[in-house]
Amino acid sequence: MDDQTEDLNAGSAVPAEVATEPPRITPNVSAALPAEDVERITRDLISALKTVYDPEIPVDIYELGLIYKVDLDDDRNLSIDMTLTAPGCPVAGEMPGWVENAARTVEGIQDVTVNMVYDPPWDASRMSEEAQVALNWW
């Protein structure tokens with residue numbers, strides 16, 4: 001992404017439902033995109049990501065904190081950095097495809113790239129309160 005990228009969580013374009021809790025992701029967006037489009041895409045992307053579950057954990061990947069970074073460029077292409085709860089996860093080869101397919105359902109998105117990253121390693125502190133309650137980890 002170029003130097004015209006801004007952190008969505010720092011601007012007024014953050015949807016209210018995202019702004020009320022610590023952000024689960026830090027979306028970066030092009031300053032050239034209209035704020036209304038960014039708000040809608042962000043809201044729709046979060047909804048789409050919440051449909052993807054680790055099959056061994058009854059919590060969606062968004063609330064688990066598996067999505068590390070999302071970039072949205074001028075051409076409405078998404079780049080998503082994600083991780084797994086454990087590097088040896090049995091669905092490691094499949095989950096990026098699930099995330100890509102979910103993100104492609106967001107209206108206005110032209111292309112999606114999902115990158116698997118392991119640094120920093122995932123730990124339970126990345127989970128939302130909702131995930132902690134669902135897993136009795138509090």
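See the structure shown above.
Scope of this entry: the structure provided in the associated data block. Position numbers for residues count from 1 along each chain, tracking the sequence in the order it is written. Under the rules for a predicted model, residues below a pLDDT of 70 receive no local features and side-chain atom pairs below 80 are neither given nor counted, while totals for whole chains, interfaces and linings still include all residues. Only hydrogens and water are set aside; all other atoms, that is, all heavy atoms of the structure, feed into the side-chain values.

**Quick notes on the overall build of the chain**
Inference 1: Within the chain one finds five helices and five strands.
Inference 2: By definition, any uninterrupted DSSP run of H or I lasting at least four residues is a helix, any uninterrupted run of E lasting at least two residues is a strand, and each is numbered from the N terminus. Going residue by residue from the N terminus, the α and β elements of the chain occur as β-α-β-α-α-β-β-α-β-α.
Inference 3: With 138 residues in all, the chain has 43% of them scored as buried.
Inference 4: Contact between two residues is taken to exist if any of their heavy atoms lie within 4.5 Å; hydrogens are not considered. Long-range pairs, those at least 24 residues apart, make up 65% of the contacts in the chain between residues at least 6 apart in sequence. For every residue, the accessible area obtained with a 1.4 Å probe (protein chains only) is divided by the maximum for its type, and the residue is called buried under 20%, exposed over 50%, and partly exposed between those limits.

**A few points about the nonpolar core**
Inference 1: Among the nonpolar cores identified, the biggest contains 37 residues, and Ile-61, Leu-64, Ile-67, Leu-78, Ile-80, Met-95 and Val-99 are the most heavily contacted of them.
Inference 2: Of all the secondary structure elements, the ones that give two or more residues to this core are α2 (35-49), α3 (61-64), β3 (67-72), β4 (77-82), α4 (95-103) and β5 (111-116).
Inference 3: Setting aside chain neighbours within four positions, we find Leu-78 in contact with Leu-45, Val-70, Asp-71, Leu-72, Ala-103, Ile-109, Asp-111, Val-112 and Thr-113. We define the nonpolar core as a collection of buried residues of types Ala, Val, Leu, Ile, Met, Phe, Trp, Tyr and Cys that are connected through side-chain atoms lying within 4.5 Å of one another.

**Points about the pattern of salt bridges**
Inference 1: Salt bridges are counted wherever a side-chain nitrogen of Lys or Arg sits within 4 Å of a carboxyl oxygen of Asp or Glu. Applying the stated rule across the entire model yields eight salt bridges.
Inference 2: Here Glu-100 and Arg-104 are joined by a salt bridge, their closest N and O atoms 2.9 Å apart.
Inference 3: Classification of Glu-100 by relative accessible area gives partly exposed; the value is 25%.
Inference 4: Residue Arg-104 is classed as partly exposed on the basis of its relative accessible area, which comes to 38%.

**Quick look at the pairing of β4**
One face of the sheet, then the other: side chains in a regular strand alternate in exactly this way.
Inference 1: Any two strands with at least two DSSP bridges between them are considered paired. With five bridges joining them, β3 and β4 adopt antiparallel strand pairing. Along β4, the bridge assignment pairs Ile-67 with Met-82.
Inference 2: From the end of β3 to the start of β4, which pair antiparallel, there are four residues, and Arg-76 there has a positive phi angle of about 65°.
Inference 3: Examined bridge by bridge, β4 and β5 share six bridges and lie parallel to one another. Considered in β5, the bridge of Leu-78 is made with Val-112.

**Looking at α2**
Inference 1: The span you would expect from a helix comes to 1.5 Å times its residue count less one. Over its 15 residues, α2 extends 21 Å from the first C-alpha to the last, a length consistent with the 21 Å expected when each residue adds 1.5 Å.
Inference 2: Along α2, the residues that are buried comprise Val-38, Arg-40, Ile-41, Thr-42, Leu-45, Ile-46, Ala-48 and Leu-49.

**Here we look at the side chain of Asp-60**
Inference 1: Looking at the secondary structure, you find Asp-60 in the loop between α2 and α3.
Inference 2: Asp-60 gets classed as buried once you look at its relative accessible area, which sits at 4%.
Inference 3: Any N or O atom pair separated by 3.5 Å or less is treated as a polar contact, with the protein-specific requirement of one donor-capable and one acceptor-capable atom, and with residues adjacent in sequence counted only for side-chain atom pairs. At 3.0 Å, the side chain of Asp-60 and the backbone nitrogen of Tyr-62 are in polar contact.

**Some remarks on unusual backbone geometry**
Inference 1: Residue Pro-120 is bonded to the preceding Asp-119 through a cis peptide linkage, with omega at 5°.
Inference 2: With respect to the helices and strands, the residue Pro-120 is situated in the loop between β5 and α5 (129-134).
Inference 3: Although it is not a glycine, Arg-76 sits at a positive phi angle of roughly 65°.
Inference 4: Along the polypeptide, Arg-76 turns up in the loop between β3 and β4.
Inference 5: The buried category is assigned to Arg-76, whose relative accessible area is 18%.

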